[in-house]
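Working through the structure, step by step
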Amino acid sequence: MDSHANQAGGTPGLVGAAQPGLAAPGSHASALRFGDLHAVPRTLLIPLAARAHGARSFPWLACDDAVAAHLLDCLGADVHALLEDKPTVLNILWRTRLIKAAGQAFFAAHPCSTGASLGCGLSHAFQWLDTGRNAWIDADLPEVMALRGPLQPPEPSRRRHACIDLTVPGWWQRLALPEGPGAAPVFLLCEGVLMYLQPAQVQAVLAEFAEHAPPGSQWVCDVISQVGVGQAHRCPSLAPTGAEFHWGVQDMADLAACHPRLRLLAQHSVAECYGWMGTVAEWCLRPWSPTPLYALVTLGV
Ligand SMILES: C[S@@+](CC[C@H](N)C(=O)[O-])C[C@H]1O[C@@H](n2cnc3c(N)ncnc32)[C@H](O)[C@@H]1O
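So, here is what we can say about the structure in this document. (Residues numbered from 1 in each chain as written. Predicted model: local features only at pLDDT ≥ 70, side-chain atom pairs only at ≥ 80, totals over all residues. Heavy atoms only, no water.)

1. Thoughts on the pairing of strand β1 (residues 114-118)
Our working rule: To sort residues, take the accessible area from a 1.4 Å probe on protein chains only and compare it with the maximum for the residue type: under 20% means buried, over 50% means exposed, and anything in between is partly exposed. A run of H or I in DSSP counts as a helix once it spans at least four residues, and a run of E counts as a strand once it spans at least two, with each numbered from the N terminus. For two strands to count as paired, DSSP must find a minimum of two bridges between them.
Within β1, five of the five residues are buried, which leaves the element mostly enclosed by the surrounding structure. Along β1, one buried face is formed by T114, A116 and L118 and the opposite face, lined by G115 and S117, is buried too. Both β1 and strand β2 (residues 135-140) contribute to a ladder of five bridges, which runs parallel. Bridge pairing links S117 to D138 in β2. Inspection of the sheet shows β1 paired to strand β4 (residues 186-190) by four bridges, in the parallel sense.

2. Quick word on the site of the ligand
Stated formally: Summary of the distance rule: residues count as near a molecule or strand when at least one heavy atom falls within 4 Å of that molecule or strand. Any N or O atom pair separated by 3.5 Å or less is treated as a polar contact, with the protein-specific requirement of one donor-capable and one acceptor-capable atom, and with residues adjacent in sequence counted only for side-chain atom pairs. Only Asp, Glu, Lys and Arg are considered charged, only Ala, Val, Leu, Ile, Met, Phe, Trp, Tyr, Cys and Pro nonpolar, and every remaining residue, Gly among them, polar.
R51, G119, D140, D165 and E191 are the nearest of the 22 residues found near the ligand. At 2.6 Å from an oxygen atom of the ligand is found a side-chain nitrogen or oxygen belonging to R51. Between the ligand and the protein, one listed contact pairs a nitrogen atom with a backbone N or O atom of E191 at 2.8 Å. Those elements giving two or more residues to the shell around the ligand turn out to be α2 (39-42) and α3 (45-53). Along the lines of polarity and charge, the residues of the shell around the ligand split into eleven nonpolar, six polar and five charged.

3. Let's talk about the pairing of strand β7 (residues 294-300)
In terms of burial, β7 is a largely internal element, seven of the seven residues being buried. Neither face of β7 is open: one carries Y294, L296, T298 and G300, the other A295, V297 and L299, and all of them are buried. Strand direction decides the pairing type here: strand β5 (residues 218-224) and β7, joined by seven bridges, are antiparallel. When the sheet's bridge partners are listed, V223 is paired in β7 with A295. Relative to β7, strand β6 (residues 263-269) runs antiparallel, the two being bridged by six bridges.

4. Details of the sheet that holds β7
Paired through their backbone hydrogen bonds, the strands of a sheet run either parallel or antiparallel. Selection criterion: In this analysis an axis means a line fitted to C-alpha atoms, helices contributing only their contacting stretch, and an angle means the value between N-to-C directions, from 0 to 180 degrees. We call two residues contacting when some pair of their heavy atoms lies within 4.5 Å.
One open sheet accounts for seven strands, arranged β3-β2-β1-β4-β5-β7-β6; its pairing is mixed. The strands lining the two open edges of the sheet, one partner per strand, are β3 (159-163) and β6. In this sheet, adjacent strand axes meet at a mean angle of 20° when their direction is disregarded. Its contacts with the sheet put helix α10 (residues 199-212) on β4, β5 and β7, and the angle it makes with β5 is roughly 165°.

5. A few points about empty space enclosed by the protein
Here the idea is plain: a probe the size of a water molecule rolls over the atoms and shows the empty space left. Keep this limit in mind: A pocket, in this scheme, is an open set of points on a 1 Å grid over the protein atoms alone with protein on both sides within 12 Å along at least 5 of 7 lines, while a cavity is a set where a 1.4 Å probe fits but cannot get out; residues line either one if an atom lies within 4 Å of a point. Grid points are joined across faces, edges and corners, and a volume is the space filled by probe spheres set on the points.
Across all of its chains, the model carries one cavity of 30 Å³ or more by this definition. Taken as a whole, the largest cavity holds about 50 Å³ of empty space. R51, T96, I99, K100, A125, W128 and E191 together form the lining of the largest cavity. Among the elements that take part in the lining of the largest cavity, helix α6 (residues 86-109) stands out by supplying three residues, more than any other. Residues that form the lining of the largest cavity fall into these classes: three nonpolar, one polar and three charged.

By themselves, these are just geometric observations and shouldn't be taken as functional.
Written as structure tokens, this is what we have:
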């Protein structure tokens, strides 16, 4: 399939961009479109705000995102309330640090491979993972890509945009991702996305990765515990969006059970951010939640 067939947007960068390849602050068209987003797509503002300004609360987790603050300016979004939700800000900065490390390790071993952010929102993970020779796809629902296109135009050479709905099987081919035993491994990032899908949809997404991914490929995603399902209204930054958590993990072994090729390569609990208190709290919660409340996992084939 022609990979260009799925490219979203196509709108050139707005005139007067303050940074190369980015829109100018106060982009009226983009601000209007953000207001039109549905519940789950609206959640993209939360990680964007955390990466832009979260280091004010957690300087030791600063991710030095080169574009997030500028994109917030373009949207004209007031994110003060989001930044008051400190546990969520910490979760996002913590996962960003681990994602950077996982991605950089992957591309150090496979410098010419392809990576993708599935459910990318307005994130820009490639800023940390660009080897100069690899390729990157930022993909999300059409309404999000319509917002993203003018704000962060793709670069035709190695960084493209695509519209996908992960709940519709066949996204691997629609993204024209490499497949088969002879292809180079791929690095897929799916941060802040799967918990909003239904359990059967998540199983299908992971099975599609396992079915098609070349050997050595990695899937990095964050997961919540099963006890978090239905509890999004308790999260101050999520409640106003109306989004809900539908999928959580009861047992980490369930992740690899989706497909015989899947392996759980690594898992980290956010409890590690809280030192010994985090470890004790996690141990006390174990009867209710055998898995961490929030974790980052790497699956491989
Ligand atoms: C919390 S935001 C995370 C955005 C981005 N990954 C980040 O960390 O900044 C959740 C994202 O998942 C996307 N999403 C939700 N359901 C999706 C689906 N079925 N297919 C593709 N993307 C989806 C939303 O549009 C939204 O951009």
